[in-house]
Amino acid sequence: MILKTASPSDNSNAILKRWRLIASLILVLVIGVGANYIHWGDRTNMREALIQCSAETVKLLDGQQVFVSGDHVFAGAQTQSRESARTGIYASRIDSAQKYGLGYSLTNAQIGDRYRVHIWRRGNKLTASYLAVNIPSESRFYKQEGTPVEVDAEEWEKLELIFQVPQSYRGEPISIYAYGGGGTVYLDDFSLERISVSDARKLAAKDTSAQQLDIRIGDAGMRKLRNKREKALYQGILFSSQDDWVKGSLIAEDNNPAKFRFKGDWMDHLTGDKWSFRVKLKEPHAWNRMVTFSVQHPKTRNYLSEWEFHQLLDQEDILTTRFDFVHLRLNGQPKGIYAYEEHFEKQLLEYRARREGPIVKFSEQGVWNARKRRLDMELGGKEIEEVLNSKEAANAEPFKETTTLANPLLAEQFRVAQALMRQYQDGIKPASHIFQLEQLAKYYALTDLTRAYHSLVWHNQRFYFNPVNNKLEPIGYDGFTEDGFFPLTQAPFIGGDLLSRPKDPLFSDVLSSPFRDSSFLRHYIHYLDQYSRKGFVEEFLMDHQEARLARERLIQQEFPNYRFQSSLLQHASRIRSVLFPLNDNSLKVFTEKKTDHLKQLQLTNYHLFPLEVVGWGKQSQQMLDTLARPLWVNPHTKHTSTSYKTLEVPLSATHLFFRMPGVNQVYVSRIEVWAAPASETPYQRLFSELTLSSTDVYTIDGTTLSFLPGEHRISTPIRIPSGYIVHFPAGTSLNFTNGSFFLSQSPVSMIGSAESPIRIYSSDKSAQGFSLIEAKKKSSLSWVIVEDFNTLSLAGWTLTGAVTFYESPVSIQHCSILNNHCEDALNIIRSNFELAHSKISFAYADGLDVDFSTGKIDHLEVFQAQNDGLDFSGSHITLSNSRIEEVGDKGISVGEEATVEVTSAQILRAKSGLVAKDLSQLTVKQVQLEDCNTGFAAYQKKPEYGGASIRVNNYQARRVEHLHLIEQGSKLWLKGKAVAGI
C-alpha cells in the first residue's frame, strides 16, 4: 500500500535519477482540448497496488513540476494551492485559467482488469467538475462522473469511478484526471486501486450446462399427476394438499428416493409439457445441499431477471433461496431448461450462516379460496378477495408446521414470530422492534433497484425468525412474474409514495408500516443511495458478467431467441433522478412572525422522503450555526391540507440547511419573507360545509329564508349560501355590531315603504359590509336604509364597498346609504343594475363606484363624498336627473374604456366636474356646473390605455375656474365645436 506523504521524500534525488531514465515511457498527452496537459504514472507494474496522492509534495522532473507520492508521479502540480485542503495543507486548485488538475497515467494494465478510482473535491455547487478516465487512442472508452457518492462534514465531495480495461486495449497508458467547467474547485486525496472478483463470484461464474436432473415417477404416480393437472386446468387454479405427493426418484449423480407434486398456483406452471414440480428428497439424501426445492419453466420467473435479483441479495447478505438453471428429464424424456429454486427449510438458513429458527409467512389460503370463488362466479376484479380474505385477517404460519410444532424450542420461537407478524400486520409496533432493520432496508432498496416487486406482495413475503436477537429477517424470492412486469408502483422506488398511497388490497398497510419508523427510513434511504450509485451497479455487472453470459448461453440452447439485457443501470438512474431534494423546491420555508431578535418559521416538505433541518445561515453557501437537535419534517401528503413544522431562528437568518435521513449531503433552502399560504381562503372558510337552520332572527322554509319583523341585534356574521331566496319584510331593523356582517350568495328581496323602511345599521360602527357575491338571480331593494357600515375585511380578503353587489343583478329604488366608513359607499361589480330615486350621503371616499357593469341611474343624489361622487370603470352607464354636491375630487369620473351617457345632471362644489380617462367615451346632453375648479378634463392615466373623449351638447357653468383641461391625444367637443388639447 502506498501511503500519502506530507513532505518531500528523503531519497528524492534517487527518485529523480530513476525517473529521468524512464520518463519517456510514461509521458502521455491525454485529451485534445487541453493544450499540453501531461499525465504522469507508475514506474513499475502496480496492478495490485493502492495508489494515492494528496497533492502535498511537488518536485521538478525533467524541467516540469509534478506531484509525487511514494514511487508514483502525478500531473497537475502547477495547480497546487494552500487555500483549501482536505488532508495536509495542500490541494489541487482548478479554475477558468487552469481547468485540469490532479491526474495520473495508469500503465501495465491488462485486459479485464477492474479499477476503482476516487478523488475528493470542494467548490461552488453551481460549478461543474468531473473525474474522468479514457484511453486516448480508444474513442469509445471514455467515462466521467460528476455526482458525488459521499459528502463529509466539511462539505468535501467524493467522486468515484469504476472501470474495466476493454478487450480492445493495446497497452497504452490510461489517463485518469479531474477537470472543471471554469469555476474554482479544489481537488484532494486521489486514490486508485485494482479490484478483483471474489472467490464466491468466480464460483458463481461456472458454466452450468453440465448440470442434469432426471425425475423418475412410476405409471401410477403419473396418472395421479395428470388427473390433478386436468382438475387444476378446469378450475383455473392449482390447489395443493399433502395427498398430492407421489413417490419416485431423482437421478443426478446418485439415484435418490424422492417425492414429487405439482407446484405453483396459476396455470403458467402446468401449460404445455413443461410442468413445475416440488421435489422432496428422502433423508439422508440431498441435491446441491438442498433437501426440498422446486423446478419450473424459466419464464415463470422471467429467466435471468430472477437470477440477477438473487445474486444481488446474496452479495448483500440478504436471505434468499438458491436459484439457478438445469437440464431436466422426466422419465428419461428431455424437458429442456428448467429453473430450480430452493424451498424454505433449515438448509436455506445453514447455507447462509444463520442459526436454525422458524421460517414464517402469512397464510394465503383465503386468497386462493376467494379467487376460486371469483372464477367460479365468472367475476372480475378483486373485491371478494379484499373483503373476505384481507391481509389483516391472514394468520402467520410456519413452514414445516408439523416439525416446528413438535419441537418445543421451535414451537416457542414460532409463537414469538407469530406475535411479531401480527405487530407488523397491524402496524402497532415500529419496524425497529420487529425486524432486523438493516437487512429489511437493504431488501427494500434492492427490490427497488431490480423492480422485483412481486416479492413484496403481502402473501409472497417470507421471514426468518432469528432466535438470537428475536427479530424477523426478510427472505427474498419470487421477484418476477412470467412477463417480468409487476407494477406495484410507477415511481422509481416504493418508499416514495407508500405513506400517501391509497389503500391497495395487495400491499398497502402491511408494506407501508416500516416506513413509519424513522430508524428504518434512515437505513432505507442510505441503501437506496448506495445501491443506485453507478459504481455499485457497474461493479456488480462486471463481477457477474461471465456467470450471466454462461446462463444466457444455457437458456439459448432451448430458447435461441432469448437475450438478456440488464436494466439495473436504467433503474438506478431513475432512482437517483428523484431521490435527492432540490433545495428550495423541496423544503419550503416561510416567515410567520418576527420579534426583536427571533423570527418564527413555518416549514413544509414537498420531497418524497422526510427531511432533517440541521442549521441556518446568512447566505446559501455557508451554514453559520447548527440546531441543537435536527428538526424532522415529514413529506407533504397529497390531497390533504398542508401541515407545517415550526422553528425559531435568529432574525438575521436567510437560509436553512437540511439533509435526508441516512445521507450526509446538505441542501439549502431560502427563507421566504412572507407567511405560509393558508389552507383555506377566508371565502372558503365562510361557506365551507355551511348549513342553515331557523334562528330567532330568521326562519327557513325549504329554500326560502325570511327575516322576522322587528328590531334585531346581530353580533355574529350572517352567511347565506346559494340556493335560497332571502326576504326582508317592511319595517325590519337589523343592528350589526361586534364586527359582524351580512354576506349572501343568494338574491335578496328587501321591500320596505316610505312609512316602514327596512333599516340596516351599525350602532357601534363596526359592521363589515352588506355584500352579495355571485347571487345570480336579480335582487330587489326598495326603501332600504344602510347606515354606519364599514366594508368586509378578513385575513387578506378585503372589499371596498359598504354595500357590494358582485356578479349579482340588482334593482335599487328609494334607498339611502349614509355615513359609510370605507372606500365606496356603494360598489357594483360585473353586474346589471338599476338605481333610481336614491341617496348617498357623507361618504368616506367615493359615493358610487361601478366596475365593469351595465346600468341605468335616475334621480340619484350624492352629497358630501370626500373623493369622487360617481366613479365608473369599464362600464356602460346612462345617467339622468341626478345631483352630485360637495365632493372632494371628481363629480363624475369615467375610466378604463367606459361608455357613459349623461342625460341631465347637476354637479355643485367639486374639484373637477366631469373627467374622462383611458379610452373612455363620455357623452353629456345637459349638465349644470357650479363652483368647480375644472369643468371638463380628458387624459390618459394608465400606460396600457390611450386618451379619452368627451362630447357635450349643452352645459351651464357658473364659477368654474377652468372650463376644460384636455391632454394631447384626448378630445373634447363643446356644443359641437372641437377643443384643442394642451
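Residues numbered from 1 in each chain as written. Predicted model: local features only at pLDDT ≥ 70, side-chain atom pairs only at ≥ 80, totals over all residues. Heavy atoms only, no water.

In this section: the overall build of the chain. A count of helices and strands for the chain gives 17 helices and 67 strands. By the burial criterion, 56% of the 982 residues in the chain qualify as buried. Carbon and sulfur atoms provide 47% of the accessible area of the chain, an area that totals close to 43300 Å². (Helix = DSSP H or I, 4+ residues; strand = E, 2+ residues; numbered from the N terminus. Buried < 20%, exposed > 50% of the residue type's maximum accessible area, 1.4 Å probe, protein only. Areas by Shrake-Rupley, 256 points an atom, 1.4 Å probe, with all protein chains shown as cover.)

Taken together, 4 strands build an open sheet; the order of strands is S32-S31-S34-S35 and the sheet is antiparallel. Of all the strands in the sheet, the pair left with one neighbour each is strand S32 (625-633) and strand S35 (667-670). Each neighbouring strand pair of the sheet contributes to a mean axis angle of 30 degrees, computed without reference to strand direction. By the bridge criterion, 5 bridges tie strand S31 (residues 611-617) to S32 in an arrangement that is antiparallel. (Pairing = 2+ DSSP bridges. Axes fitted to C-alpha atoms, helices over the stretch in contact; angles between N-to-C directions.)

All right, on to helix H14 (residues 534-543) then. Quick reminder: α-helices carry 3.6 residues per turn. Residues three or four places apart thus point the same way. Within H14, 9 of the 10 residues are buried, which leaves it mostly tucked inside the rest of the structure. Turning to H14, its buried residues are Gly-535, Phe-536, Val-537, Glu-538, Glu-539, Phe-540, Leu-541, Met-542 and Asp-543.

End to end, helix H16 (residues 568-579) covers 16 Å across 12 residues, agreeing with the expected 16 Å (1.5 Å per residue, within 8%). Residues of H16 that are buried include every one of Leu-568, His-571, Ala-572, Ile-575, Arg-576 and Leu-579, and no others. Angularly, the buried residues of H16 cover 130 degrees about the axis, an arc narrow enough to put them on a single face. In H16, the exposed positions angled more than 90 degrees off the buried face are occupied by Gln-570 and Ser-577. (Expected span 1.5 Å × (residues − 1). Arc of directions from axis to C-beta.)

What the rule picks out here adds up to 4 cavities of 30 Å³ or more. Taken as a whole, the largest cavity encloses approximately 60 Å³ of empty space. Leu-781, Val-784, Val-786, Val-803, Phe-805, Ile-812, Cys-815, Ser-816, Ile-817 and Leu-826 are the residues that line the largest cavity. At the level of secondary structure, the elements contributing two or more residues to the lining of the largest cavity comprise strand S47 (784-787), strand S50 (801-806) and strand S52 (816-818). (1 Å grid on protein atoms, 1.4 Å probe; cavity = no way out; pocket = protein on both sides within 12 Å on 5 of 7 lines; lining within 4 Å. Points joined across faces, edges and corners; volume = space filled by probe spheres on them.)

Looking now at the pairing of strand S16 (residues 185-195). Most of S16 is tucked away: 9 of the 11 residues are buried. Inspection of the sheet shows strand S3 (residues 50-53) paired to S16 by 4 bridges, in the antiparallel sense. From the neighbouring strand, Gln-52 faces S16, where its bridge partner is Ser-191. Judged from the 3 bridges that link them, strand S8 (residues 91-94) and S16 form a sheet pairing that is antiparallel. Pairing of Ser-92 across the sheet is with Leu-187, part of S16. Note: strand S10 (residues 114-123) against S16, 9 bridges, orientation antiparallel. Its bridge partner being in S16, Arg-122 is matched across the sheet by Tyr-186.

This paragraph deals with the confidence of the model for the chain. Reading fine detail from the predicted coordinates is not recommended where pLDDT is low. Per-residue confidence for the chain averages 87 on the pLDDT scale, and 87% of its residues sit at or above 70. Below pLDDT 50 for its whole length, residues 199-205 participates in 11 contacts with residues either more than four positions away or in separate chains. Considering only residues more than four positions removed or in separate chains, one finds that residues 502-507, a stretch of pLDDT under 50, has 18 contacts. (pLDDT = per-residue confidence, 0-100. Contact = heavy atoms within 4.5 Å.)

Take the side chain of Ser-920 next. The topology assignment puts Ser-920 in the loop between strand S61 (905-917) and strand S62 (921-924). Note on Ser-920: relative accessible area 1%, which makes it buried. Within the local environment of Ser-920, its side chain forms a polar contact with the backbone nitrogen of Glu-896, the two atoms lying 3.5 Å apart. In this structure, Ser-920 is in contact with Val-894, Gly-895, Glu-896, Glu-897, Ala-898, Gly-947, Ala-948 and Ser-949, ignoring residues within four places of it in sequence. (Polar contact = N/O pair within 3.5 Å; in protein donor to acceptor, adjacent residues only side chain to side chain.)

Turning our attention to the environment of Leu-568. If you trace the backbone, Leu-568 turns up in helix H16. We classify Leu-568 as buried; its relative accessible area is 2%. A C-alpha to C-alpha distance of 8.5 Å links Leu-568 and Ser-532, two positions 36 residues apart in sequence. Beyond its immediate chain neighbours, meaning those up to four positions away, Leu-568 contacts Glu-308, Leu-312, Leu-449, Thr-450, Val-537, Phe-540 and Leu-541.

Enumeration according to the criterion identifies 45 salt bridges in this entry. A salt bridge links Asp-543 to Arg-114, with the shortest nitrogen-to-oxygen separation between them at 2.5 Å. Placement of Asp-543 in helix H14 and of Arg-114 in strand S10 is noted, with a sequence separation of 429 residues between them. Both residues of the pair, Asp-543 and Arg-114, belong to the buried class. The salt bridge involving Lys-776 is made with Glu-807; its shortest N-O contact spans 3.1 Å. Placement of Lys-776 in the loop between strand S45 (770-773) and strand S46 (779-782) and of Glu-807 in the loop between S50 and strand S51 (810-813) is noted, with a sequence separation of 31 residues between them. Residue classification places Lys-776 among the exposed positions, given a relative accessible area of 56%. (Salt bridge = Lys/Arg side-chain N within 4 Å of Asp/Glu carboxyl O.)

Attention shifts here to the sheet that holds strand S4 (residues 58-61). The antiparallel open sheet is built from 3 strands, whose spatial order is S4-S5-S6. Edge positions in the sheet fall to S4 and strand S6 (72-74), since each of these pairs with one other strand and no more. Adjacent strand axes in the sheet meet at a mean angle of 50 degrees when their direction is disregarded.

Relative to each other, helix H4 (residues 304-315) and helix H11 (residues 437-450) sit at 150 degrees, their axes nearing to 10 Å. One finds that H4 runs roughly antiparallel with respect to H11. Crossing hand, H4 versus H11: right-handed. Touching Phe-309, Leu-312 and Leu-313 of H4 are Tyr-443, Leu-446, Thr-447, Leu-449 and Thr-450, all from H11. (Parallel < 35°, antiparallel > 145°, perpendicular 65-115°, else oblique. Left-handed = near helix turned anticlockwise from the far one by under 90°.)

Under the criterion given, the structure shown has 48 aromatic pairs. Ring plane angle 80 degrees and centroid distance 5.7 Å describe the contact between Tyr-424 and Phe-463, whose orientation is recorded as edge-to-face. Taken together, the residues span a long stretch of sequence, with Tyr-424 in helix H9 (residues 408-426) and Phe-463 in strand S27 (residues 462-466) at a distance of 39 residues. Each member of the pair, Tyr-424 as well as Phe-463, carries the same accessibility label: buried. Aromatic pair Phe-520 and Tyr-524: ring centres 5.8 Å apart, planes at 10 degrees, arrangement stacked. Taken together, the positions of Phe-520 and Tyr-524, both in helix H13 (residues 518-531) and 4 residues apart, correspond to about one turn of that helix. (Phe/Tyr/Trp six-rings, centres within 6.5 Å; stacked < 30°, edge-to-face > 60°.)

Among the secondary structure elements, Phe-480 is positioned in the loop between strand S28 (471-476) and helix H12 (508-512). Residues Phe-480 and Arg-301, 179 residues apart in the sequence, show an inter-C-alpha distance of 5.2 Å. In contact with Phe-480, other than residues within four places in its own chain, are Thr-300, Arg-301, Asn-302, Ser-305, Glu-306, Phe-309, Thr-450, Arg-451, Ala-452 and His-454.

Our next topic: the environment of Gly-218. With respect to the helices, strands and loops of the structure, Gly-218 is situated in the loop between strand S17 (212-217) and helix H3 (219-235). A C-alpha to C-alpha distance of 8.7 Å links Gly-218 and Val-246, two positions 28 residues apart in sequence.

Looking now at the pairing of strand S41 (residues 733-736). Of the two faces of S41, the one carrying Ser-733 and Asn-735 and the one carrying Leu-734 and Phe-736 are both buried. For S41 and strand S44 (residues 758-761), the ladder comprises 3 bridges, and the chain directions are parallel. The residue of S44 that forms the bridge with Asn-735 is Tyr-761.

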